[in-house]
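Spelled out from the first residue to the last, the chains are:
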Number of protein chains: 2
Amino acid sequence: MRAGSTTYDAPALRRYLREHIPIAAAMDIDVRAADMHSVTLGAPLAPNINVHETAFGGSVAALAMLAAWSLLHLRLQAAGIANRLVIQRSTIDYGKPIAGEFTARATLAEPGNWESFMTFLQRRGKARIAVHATLEYEGHIAARFAGEFVALAAAAPSSFSEATHVR
Amino acid sequence: MRAGSTTYDAPALRRYLREHIPIAAAMDIDVRAADMHSVTLGAPLAPNINVHETAFGGSVAALAMLAAWSLLHLRLQAAGIANRLVIQRSTIDYGKPIAGEFTARATLAEPGNWESFMTFLQRRGKARIAVHATLEYEGHIAARFAGEFVALAAAAPSSFSEATHVR
């Protein structure tokens, strides 16, 4: 799939997330990679630490949600569809404690569902899709995230340029 | 249960969370109420906003986790047990969008399990317990959180005074 090799503008995504989601800036998130297949975000430990000197579960969940949201946002943006993306349900299984910089890599739970998702969104103005994310620390999986999102064709910011006009 | 009427030191809990969990400070969390039965935390919208001008799902999850963790931490502290509390699994169902200040109220999923939880923790140095939290916005439930925590009898900060020595 040719579009699958598309690489998105990681610095623009980083700016967008940090400008519009203050907690993303407080977490000091970074965009490691962003293409049609996956979005990988990273965060340092210091701003995301808990009382046990490991990563706060809330920060781990937030990084996964941001990676998952970004993947859908970028794919819909590439398709030229203005949308509003809302998380409906999320589950995280925490494995190992995270004692340093960590990453969240999001992918579609079932890539084969993308076409029907797009058809529903365009015909009915609303569609659901599942995204998975794996959180890694020192090259090992530290947690697994599963999220269900609802996309609504709406006037919400659908591109970085539009987004800058929102404020 | 007489102890059930115990009210904890909310300002001390607020200081503890904000001093040791930078994201809690960035979220500008507040402690609304804290007793043996429940811990209620609040957060304003501004520092927790998302691209759609509603509360970021990551902040909603984080507030619920902090309320749940605090309830267990305070109960174990009241029992004089030094412990390390780690979240193992969490699920959130997001209902309505949150367009302003919101709260998370945590309670034990099954209060009747507390005694066996304490017995396991004291005998084996490790025990699991489930906590629920409801998130409210304008008096209505906006999301529901369920978390499973593992408590480990350990040298982790178990009181505000000890905690201040950690840094």
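Before any of the text, the structure's been laid out above.
As a starting point, this report considers the structure included with it. (Residues numbered from 1 in each chain as written. Chains lettered and ligands numbered in written order. Predicted model: local features only at pLDDT ≥ 70, side-chain atom pairs only at ≥ 80, totals over all residues. Heavy atoms only, no water.)

**Observations concerning the relation of the copies chain A and chain B**
For the pair chain A and chain B, the best superposition has an RMSD of 0.0 Å and corresponds to a rotation of 180 degrees with a translation of 0.0 Å parallel to the axis. Taken together, the turn and the small shift mark the pair as related by a two-fold rotation axis. The rotation axis passes nearest to the C-alpha of Thr91 of chain A in chain A, at a distance of 2.1 Å. Mapped onto chain B, 100% of the interface residues of chain A again fall at the interface, so both copies present the same surface. (Least-squares fit on C-alpha atoms with pLDDT ≥ 70 in both. Contact = heavy atoms within 4.5 Å.)

**What about the interface of chain A and chain B?**
Contact with chain A, which involves 39 residues of that partner, is made by 40 residues of chain B. When the buried area of chain A at its contact with chain B is split by residue, Ile23, Val51 and His52 of chain A rank highest and sum to 22% of it. Here chain A and chain B share two salt bridges between them. A salt bridge links Asp93 of chain A to Arg89 of chain B; the shortest N-O distance between them is 2.6 Å. For the interface between chain A and chain B, the tally reads eight residue pairs in polar contact (both at pLDDT 80 or more). Only α1 (10-20), α2 (22-26), α3 (57-78) and β3 (83-94) of chain A provide two or more residues apiece to the side of chain A that touches chain B. Among the elements that line the side of chain A that touches chain B, the one with the most residues is β3 of chain A, at 11 residues. Its residues assigned to classes, the side of chain A that touches chain B comprises 23 nonpolar, 12 polar and four charged. For β3 of chain A and strand β3 (residues 83-94) of chain B, the ladder comprises five bridges, and the chain directions are antiparallel. (Buried area = accessible area lost by both parts, 1.4 Å probe. Salt bridge = Lys/Arg side-chain N within 4 Å of Asp/Glu carboxyl O. Polar contact = N/O pair within 3.5 Å; in protein donor to acceptor, adjacent residues only side chain to side chain. Helix = DSSP H or I, 4+ residues; strand = E, 2+ residues; numbered from the N terminus. Nonpolar A, V, L, I, M, F, W, Y, C, P; charged D, E, K, R; others polar. Pairing = 2+ DSSP bridges.)

**With respect to the packing of aromatic side chains**
Residue and element names in this part refer to chain A. Under the defined criterion, the tally for this structure stands at four aromatic pairs over all chains. Ring geometry for Tyr16 and Trp69: centres 6.2 Å apart, planes at 15 degrees, overall stacked. Placement of Tyr16 in helix α1 and of Trp69 in helix α3 is noted, with a sequence separation of 53 residues between them. Pair check on accessibility: Tyr16 and Trp69 agree, each one buried. In this structure, Arg75 packs its charged tip against the face of Trp114, placed 4.2 Å from the ring centre. (Phe/Tyr/Trp six-rings, centres within 6.5 Å; stacked < 30°, edge-to-face > 60°. Buried < 20%, exposed > 50% of the residue type's maximum accessible area, 1.4 Å probe, protein only. Lys NZ or Arg CZ within 6 Å of the ring centre and 35° of its normal.)

**Observations concerning empty space enclosed by the protein**
A full pass over the atoms with the stated rule returns one cavity of 30 Å³ or more. When its volume is computed, the largest cavity comes out at roughly 40 Å³. Lining the largest cavity, in full, are Ala61, Met65, Ser90, Thr91 and Ile92 of chain A together with Ala61, Met65, Ser90 and Ile92 of chain B. The element best represented in the lining of the largest cavity is β3 of chain A, accounting for three residues. Residues belonging to the lining of the largest cavity are distributed by class as follows: six nonpolar, three polar and no charged. (1 Å grid on protein atoms, 1.4 Å probe; cavity = no way out; pocket = protein on both sides within 12 Å on 5 of 7 lines; lining within 4 Å. Points joined across faces, edges and corners; volume = space filled by probe spheres on them.)

**A few points about the packing of α1 of chain A against α3 of chain A**
Residues and elements named next belong to chain A. Where α1 contacts α3, the axes come no closer than 12 Å and their chain directions differ by 120 degrees. By the angle between their axes, α1 is oblique relative to α3. Between α1 and α3 lies a crossing whose hand is right-handed. Seen from α1, the contacting residues are Leu13, Tyr16 and Leu17; seen from α3, they are Leu66, Trp69, Ser70, His73 and Leu74. Looking at the contact of α1 with α3, its residues break down into six nonpolar, two polar and no charged. (Axes fitted to C-alpha atoms, helices over the stretch in contact; angles between N-to-C directions. Parallel < 35°, antiparallel > 145°, perpendicular 65-115°, else oblique. Left-handed = near helix turned anticlockwise from the far one by under 90°.)

**A look at the pattern of salt bridges**
The tally for this structure, following the rule as stated, stands at 10 salt bridges over all chains. In this structure, the salt-bridge partner of Arg14 of chain B is Asp30 of chain B, at a minimum N-O distance of 3.3 Å. Of this pair, Arg14 of chain B sits in helix α1 (residues 10-20) while Asp30 of chain B sits in strand β1 (residues 30-34), and the two are 16 residues apart along the sequence. A residue is classified by how much of its surface remains accessible, and Arg14 of chain B, at 30% relative accessible area, is partly exposed. Look at the salt bridges and you will find they share partners, linking Arg14, Asp30, Arg32 and Glu101 of chain A into a network.

**Details of helix α4 (residues 114-124) of chain A**
All names here are of chain A. The set of residues buried in α4 consists of Trp114, Phe117, Met118 and Leu121. Summarising the axial view, the buried residues of α4 lie within an arc of 95 degrees, below the 170-degree limit, and thus occupy one face. Facing away from the buried side of α4, by more than 90 degrees, are the exposed residues Glu115, Arg123 and Arg124. Turning to α4, the residues buried within the fold contact α3, β4 (102-108), β5 (126-137) and β6 (140-153). With its phi angle positive at about 75 degrees, Gly125 sits one or two positions after the end of α4. (Arc of directions from axis to C-beta.)

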